[in-house]
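Structural description and commentary
Take a look at the letters that make up each chain.
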Amino acid sequence: MSARLQTGIARLDELLGGGLIPGTLTVVVGATGVGKTQLGIQFARQGLHQEREPGVIFDMTARGDSQNHNDYAERLFNWTLRDKLAGDNVHPHEMWSRDTARFDSMHIFHRAGRRVTISDMAQEDWQEWRVDLQKKIGEAIGFFYGNFVHGVRRCVIDGIEPTDRPSDSFQFHMFEYIYHQILRKEADWVARDLCRAQFRENAELVAKHMYDYRDVGCLLLYTCHEMMLDDLIARRIESGDVLSNANTIIVMGKIRDGLKLGRALCVVKHRGSPVDETIVPFEVQHSGLVLNG
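In this text, all values refer to a predicted model and were calculated from it rather than measured experimentally.

**Brief notes about the pairing of strand β9 (residues 280–285)**
When strand β8 (residues 260–270) meets β9, the two strands line up antiparallel, connected through 3 bridges. Residue pairing in the sheet places Ala264 in a bridge with Pro281 of β9. Judged from the 4 bridges that link them, β9 and strand β10 (residues 288–291) form a sheet pairing that is antiparallel. Considered in β10, the bridge of Gln285 is made with Gly288. In this antiparallel pair of consecutive strands, β9 and β10, the connection spans 2 residues.

This is the structure we're talking about:
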């Protein structure tokens, strides 16, 4: 197994027994504004120090603006994200050039203006949207593959909105595809999905740019309704919930501190590794998340 993926937050790495386990899914759960995106940016940036390539950020926000990744990256690390525009497809033969394939972030549903729950759509609207989703999946394959062949080994997926049932969310349907059919699939098979009829003419280059998917770490930032940490710790995991398939779960929420509210996190699941389940207060400072204690 490859070295643990450090989060960029030393105290959190201690709680995780050295960091996150490569080739697994980590889910960070918390309400809007609790600090999940800052944690994600710090994790992505840590890739520059550990793998010599910063991680990538895949924004699945479907309504309104993106998650301010650019602003956070600039403020925390003076890091100007190179965005891949939705709809800007990269031709398979362009994958082998870093200049045309290597991007830091992508907002896949930029200005889509869609509700995330399938039950909120009329049947004909959902059928039409499914056609668009197939195109989006093709763009996602190009984004991830183009980064992985150039050394990226960690990704952050953000912007999934809370729903009563994950099975009713088209965002979760797309995440399931990305996770199982891109992030956890042999590199040459991802290349086949990308190149299709052009695979044979690119086969030699595919063989020269192989990577091991078991080295790739995925951090999913999952927005929930619950704000208080106690409610998140007691949260029931339903069958089929993305949390049931996660190797690691980190919950972030509000705690009472006298007459004030503070913030704290806890690692509630970390399979295959020692874990410290201490509830640790943290602050969101100008330099990012700072854990106390």
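Additional details are given in the paragraphs that follow.
**As for the pattern of salt bridges**
For the coordinates displayed, the defined rule picks out 9 salt bridges. For Arg11, the salt bridge goes to Glu14, with nearest N and O atoms at 3.3 Å. Of this pair, Arg11 and Glu14 are both found in helix α1 (residues 10–15), 3 residues apart, which corresponds to roughly one turn of the helix. Note on Glu14: relative accessible area 55%, which makes it exposed. Between Arg235 and Glu226 there is a salt bridge; the shortest N-O distance is 3.4 Å.

**What about the packing of helix α7 (residues 187–195) against helix α8 (residues 199–208)?**
In contact at an axis separation of 10 Å, α7 and α8 are set at 145° when each is read in the N-to-C sense. Note on packing geometry: the crossing formed by α7 with α8 is right-handed. Taking contact as the criterion, the partners of Asp188, Ala191, Arg192 and Cys195 in α7 are, on α8, Phe199, Asn202 and Val206. Taken together, the residues that form the contact of α7 with α8 break down as 4 nonpolar, 1 polar and 2 charged.

**Some words on the side chain of Arg4**
Within the secondary structure layout, Arg4 lies in the segment before α1. In this structure Arg4 is buried but unpaired, with Asp13 as the nearest side chain of opposite charge at 8.2 Å. A distance of 3.5 Å separates a polar atom in the side chain of Arg4 from the backbone oxygen of Gly17. Among the polar contacts listed, one links the side chain of Arg4 to the backbone oxygen of Gly19, at a separation of 2.9 Å.

**So, the sheet that holds strand β7 (residues 248–257)**
Strand order in the open sheet formed by 10 strands is β3-β4-β2-β5-β6-β1-β7-β8-β9-β10, and the pairing between neighbours is mixed. Each end of this open sheet is capped by a strand with a single partner; those strands are β3 (83–84) and β10. Taken together, the 3 bridges between strand β2 (residues 56–59) and strand β4 (residues 105–107) define a ladder with parallel strand orientation. Bridging across to β4, Phe58 finds its partner in Met106. Across the sheet, helix α3 (residues 69–77) is in contact with β2, β3, β5 (154–160), β9 and β10; its angle to β2 comes to roughly 155°.

Thresholds applied
- Residues numbered from 1 in each chain as written.
- Predicted model: local features only at pLDDT ≥ 70, side-chain atom pairs only at ≥ 80, totals over all residues.
- Heavy atoms only, no water.
- Pairing = 2+ DSSP bridges.
- Helix = DSSP H or I, 4+ residues; strand = E, 2+ residues; numbered from the N terminus.
- Salt bridge = Lys/Arg side-chain N within 4 Å of Asp/Glu carboxyl O.
- Buried < 20%, exposed > 50% of the residue type's maximum accessible area, 1.4 Å probe, protein only.
- Axes fitted to C-alpha atoms, helices over the stretch in contact; angles between N-to-C directions.
- Left-handed = near helix turned anticlockwise from the far one by under 90°.
- Contact = heavy atoms within 4.5 Å.
- Nonpolar A, V, L, I, M, F, W, Y, C, P; charged D, E, K, R; others polar.
- Lys, Arg positive; Asp, Glu negative; His and termini not counted.
- Polar contact = N/O pair within 3.5 Å; in protein donor to acceptor, adjacent residues only side chain to side chain.

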